[in-house]
Amino acid sequence: MASSGVKMEEQQQQEVAFNIETEDEQQPDPAMAPILDDFTFAFFILEMVIKMLGLGFVDFFKSSWNKFDVFINFGVVIDYILAIIGFRWPIFRALRPLRLVCRIHSLQALVAALMDTLPMLVRVFFLSMLINYIFSVVGVQLWAGQLRNRCFLGEDISGNYNVSLSPYYIPKFGEKSSFICSSENQYGMQRCSHIPPYRVDGELCSSDATHHTSAAVPAVNGCVNWNQYYNVCRAGSNNPSKGAINFDNIGYSWTAIFQVVTMEGWSEIMYYVMDAHSYWDFIFFVFVTIMGSLVMMNVCGVVISCKFTENMEKRRGEQPVGIVTIPELCDKFKSLVKGILRMSRWNRVKPSGSHNRANVLGEVWNPIQRVYIRIVENKMFDWIITSAVVVYIFSLVIEHHEQPQTMTDTLRIGNLVLVNVFLVEMVLKLLAYNWGYFKDKNNIFDCFLVIISLWDVLSVTGSKTSVLRSLRLLRFMRLLHYMPYLKRQLMVLEKSIKKAASFFLLLLFFVFIFSIFGMLLFGGKFKFMTKHGEIITDRKNFDTLRWAMVTVFQVLTLEDWNLVLYNAMSTASPWAMIYFFLLVVLGTRVLLNVLVGMVYESFHEISSPDPASSENNSQQIDGGKHDPGPSTSSVTDLTPVQHLPLPDTSENTESLSFIQKVLQWCKDHEEWSFYVFSPQNRFRIICHRVISHWVFDFGILFIIFLSCVSIAVERPGIDPQSTERFILNISFYVISALFIVEMLLKVVALGLVFGKNSYCRSLWNIIDGLLVILSVVQILVSLISKGKTNRLKVLKVLRLLRTLRPLRVIKRAPRLKLAVEALIASVKPIGNILFICCTFLFFYGILGVQLFKGKFHHCLGRDIRNITTKSECLAANYSWRGKLFNFDSFPQALMSLFVMYSKDGWVNIMYDGLDAVGVDKQPKRNHNEWMLFFFIPFMILSFFLLDMFIGVMVETFHQCQQQQKRTDEQERREVLPQHGEPEQTPYFENYCPLRRAIHTLCTTNYLDLFVTAVLFLNVTVMGVEHYNQPKFATQLTEYFSYVFTVVFSIEILLKLVAFGVVRFLKDRLNLLDLCILLISLVSIISNNLNLTDRISINPNMLRIFRVLSLAQVLKAEKIRLLLKTVIKTLTQVGNICLLLIFFFFIYAALGVELFGKLECTHMDPCQGLHRYSNFKHFGTALLTLYKVCTGDNWHGILKDTLGKCPPDGCANYLHWAAPPYFITFVIVAQFVLLNLVVAVILQALEESKEEEEGLQTSVKENTGPVQPV
């Protein structure tokens, strides 16, 4: 049913797209398509009628799945009726494959569990959308119409000089990078004076228009700097990104904020706003990404995964009657095949003399077979085969593009030898086990690999054999026979994937349905014109079912989904945002978070210890305790002297006695520092008092702070002869000297190596000592190499190591130290998953080298339409270059795969793989679409592995939290708190009748319902404001704000009377209401008295604080649990924030030292670096690293650091440092620290649930009226 539906929908939508493109040509349907369509429709109608007759009309509609069938059938009937009329709207046909959900129990349970999470899901998304709405209203208030600013011509150039110019300045690369300016009354960062000079053939033009005569106009308009006349900044008619990004009204503003929350392309929106409004707007966008994505979206994910897991546990074991599962069908098919084979054996007639001949052959063959068995089962045989597999894999790893011919011949000969070794192994095992060889799945796999290898060796070289060469990599799996630990981990992964099989089927249905809807909405519309006048379809399109599914999957990964949105909004309608909003929310925030819950549940089940094994382990441990062994006491009783032999000569006796005396003296003086200062030494006692004093600790912290400041001030652009460089050098020497003194004091006071509390006993002291030694080495090298240029790289490396000096803060910050120790402790549990991820990348890396080696190269030139090979490119004086992310060698393949694994930039790498034709051949668009089966499965498995990584970290964090809870409970039992006597009478018992009535009003739901209605009306009014709205609309909005302020004032006054000032201020939400009211009053008074003109305050800044009144919706009872979770999350991520800040500081300092001299120009723009995000100084480096942490175009920054050189040349630039720098940062920041936020949210949700349940229990037990919370 599903396959036929896919074929029909693909054919139908291809016809629709074709008709949209060429209306005068019609493509006839195949003859079988309408017949099959009518047959399936009649079949399901007949099935529905039979079920109604068999179960009865009432019982039939008791099942929700039967109602769903009726809904689909009724919708298909509507499609038929509309088709007869002539109106094609086959939406319900896209829902036909969902009938399969009604017939598979696992899918039913999955969908039913999702439906059970719907109430909680609605609350979560209501809270998330409310926060997005607040940010959107703020965007409208601050930046409405700001992104329309362009630099227009200040005079009539076309009339005065007869020159055709654009009315406003358009950059070199068109509207893809709009030049947004800031007017004179704004504080934006980009002015019209920043427009680069006009260029002709790469040369700068500096002449004025007065030198240009209209009588003789050159073909290139002369070398006049026409860009200098774009000097008027005003609002135009266009917004950036094809008009999709702006804050002109609440709809567009909400679209922009939603894109920022998804953290894809958010930095580009931030740059536009910073250009037009203010540099400090980056604080708003960073706050939106933290609250909207890192907190709220993770809260949504945790709630969905937890609720889904609970619902699946409730429904486990339920199976409705009449539903057949897929495993049951497979078992029935297997039993049927076995029965047929058994019957064929019974009917077989054996010859009479065959039994005797078999006995004779058995007597002769059995001794020989036993020899083969001994050979095959020998450990040496296993080691030989394992070594051959390792050598074979090593031969695949070292292959690379443009390798020497000698190496190619050697690898080819080695391949032949190894293939023969594996063939001999298979033959020996066949002789040893006969047909029993095929009973083992591993042997079948080995046989398959041998056949593939022989086919590859014997076949003629051609394009089709590349697949065979790629399949040779499967021999890597042979190592699992001899690596049981890795094999066990992969078995865990296999079980988890089997458990999530139904989820992947549901995900396939989801992608299919949204692909069909995308084809209906956007089929044939994503087209653009090239510079040569050709009309080309965008690669991200919905023209066919195949590419529609690829595009939908790309949107699910959130990679460049904003570009698809821009095309849809510009070609179809701005309402296309609804489609992408549903796709992103339901796909990434619901379905993929369900996968997180399933993986976490399966990991929790697998990681739970087996009782039997735990008992055995405990017995072994207990046995070890009771039987310490006879050698322990004897060894401990011996002294070093007793181990030494006693020779006979007197000279040796004297020498040995001297050695014995020295050893004994050293043993007796272990507590002496440097064997010089005894514990009673006055100087040592003074040193110990100094390092133990609190002033010493604060002094060292202050020196560390000064050191961090000096590191943050460092940048490559400082003049070596300037005063600033002199001060920094002196401060470095002084701080290093102080750290040396600190180290010497501690070594004298504690001892260096020997002693119970010596300096080197602490890991943090060792780190401090190494940093001090590195500082001393840097000082010595800098003094020795003065005036010499050949040691600049050594100095650069030492200066890089100096950025590690903030590590000294860890020891002296208890919360930071605790976070670092917890992170180090979690390395061991997540090591298994990291090993699997590395194995996964290793496998795909070798496979990528075999498939795409030397194929990611292309020609760069003006017109390359007729270029097909490298030789033609070079003959046309063009350049032949390779992609920075390629598969030419194994290290480059690993870097490309890691970029794909991070889900940033994987689409462009996939397109390069699809376009690859061959070595030294020009790429051709979609040359080999079969390569989709390389990239799409990789991304699906990367989803699964990343979710396993999250599951492991959440489980580890949960165990640490449970252990901490047990410790806290034990301490709480030891020190019992003294509770006061509870209040016997309610506080409102002695109220007067009027105040009692007001209290009753405030504690009932009527006041809350009225205030909630006013709040929603306030939300609606605030959302109506837009750019260039009429004056009466602005006045009406202002009057509404007055009314709302009065209503909120009355509410607060009533609560103050009802609860009293003290009780009212105890509630944080009441404090929020009071602050919002005061800000609203200040805003109204300042606007009416025109105080904003006297005081330099933007009036919109006060208006945006009034938007916080929308936060009063959070007081709803059903939202309170989620609100508590968010608050607890923000209060508990303190250690993680400290760790992130510390981590960012070190990497920012390293980035300034490594990449501080890289520059981007208008003629040579960067792909990831920007004038606001670079490594020129410490502040912009922090913003750049935060951008990398969010995964927004970090691969473009990596490309810039790999492909560019500083202005002073590449001699002293460390290109090799870029990949490890960014890869380690992404691993620690994205995969470790940000995933710890998920664990914190999970713990906060559990604590909020416990508190809510305890509150409900106390309310039920309380007999008096409910007090306000």
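Residues numbered from 1 in each chain as written. Predicted model: local features only at pLDDT ≥ 70, side-chain atom pairs only at ≥ 80, totals over all residues. Heavy atoms only, no water.

**Considering the packing of helix H5 (residues 105-116) against helix H18 (residues 501-522)**
Where H5 contacts H18, the two axes come as close as 9 Å, and the packing angle between them is 75 degrees. When the interaxial angle is binned, H5 and H18 end up roughly perpendicular. Contact residues: Ser-106, Leu-107, Leu-110, Val-111 and Leu-114 in H5; Ser-502, Phe-503, Leu-505, Leu-506 and Phe-509 in H18. (Axes fitted to C-alpha atoms, helices over the stretch in contact; angles between N-to-C directions. Helix = DSSP H or I, 4+ residues; strand = E, 2+ residues; numbered from the N terminus. Parallel < 35°, antiparallel > 145°, perpendicular 65-115°, else oblique. Contact = heavy atoms within 4.5 Å.)

**A short note on unusual backbone geometry**
In this structure, Leu-558 takes a positive phi of about 65 degrees despite not being glycine. Its place among the elements puts Leu-558 in the loop between helix H19 (545-556) and helix H20 (561-571). Of note in the backbone geometry, Lys-903 takes a positive phi value of approximately 65 degrees without being a glycine. Considering the arrangement of structural elements, one finds Lys-903 in the loop between helix H35 (890-901) and helix H36 (906-915). Since its relative accessible area comes to 14%, Lys-903 is described here as buried. (Buried < 20%, exposed > 50% of the residue type's maximum accessible area, 1.4 Å probe, protein only.)

**Section: the packing of helix H13 (residues 379-397) against helix H14 (residues 405-433)**
With their axes 10 Å apart at the nearest point, H13 and H14 run at an angle of 150 degrees to one another. With respect to each other, H13 and H14 are oriented roughly antiparallel. Both H13 and H14 take part in a crossing whose hand is left-handed. Judged by residue contacts, Phe-381, Ile-385, Ala-388, Val-389, Val-391, Tyr-392 and Ser-395 of H13 engage Leu-411, Asn-415, Leu-418, Val-421, Phe-422, Glu-425, Leu-428 and Lys-429 from H14. Of the residues that constitute the contact of H13 with H14, the class distribution is 11 nonpolar, two polar and two charged. (Left-handed = near helix turned anticlockwise from the far one by under 90°. Nonpolar A, V, L, I, M, F, W, Y, C, P; charged D, E, K, R; others polar.)

**A look at the pattern of salt bridges**
For the structure on display, the rule yields 12 salt bridges. Of the charged contacts in the structure, one is a salt bridge between Asp-915 and Arg-539, with a shortest N-O distance of 2.6 Å. Here Asp-915 is found in helix H36, whereas its partner Arg-539 is found in the loop between strand E6 (535-537) and H19, with 376 residues between them in sequence. Owing to a relative accessible area of 11%, Asp-915 belongs among the buried residues under this scheme. Between Asp-912 and Lys-883 there is a salt bridge; the shortest N-O distance is 3.8 Å. Residue Asp-912 is located in helix H36, and its partner Lys-883 is located in the loop between strand E8 (879-882) and H35; the two are separated by 29 residues in the primary sequence. Look at Lys-883 and you get partly exposed, because its relative accessible area is 29%. (Salt bridge = Lys/Arg side-chain N within 4 Å of Asp/Glu carboxyl O.)

**Notes on the side chain of Gln-259**
Among the structural elements, Gln-259 can be located in helix H8 (residues 250-262). When sequence neighbours within four positions are dropped, the list of residues in contact with Gln-259 reads Ile-245, Glu-264, Gly-265, Trp-266, Ile-269, Trp-561, Asn-562 and Tyr-566.

**A closer look at the packing of aromatic side chains**
Under the counting rule described, the total for this entry stands at 70 aromatic pairs. Both rings, one in Trp-930 and one in Phe-933, keep their centres 5.7 Å apart while their planes meet at 25 degrees; by these two values the pair is stacked. For Phe-933, a relative accessible area of 60% gives the class exposed. Between Tyr-1147 and Tyr-1221 the ring centres are 5.1 Å apart and the planes differ by 50 degrees, which places this aromatic pair in the tilted class. Here the residue Tyr-1147 occupies a position in helix H45 (residues 1134-1155), and Tyr-1221 occupies one in helix H48 (residues 1218-1261), the gap between them amounting to 74 residues. (Phe/Tyr/Trp six-rings, centres within 6.5 Å; stacked < 30°, edge-to-face > 60°.)

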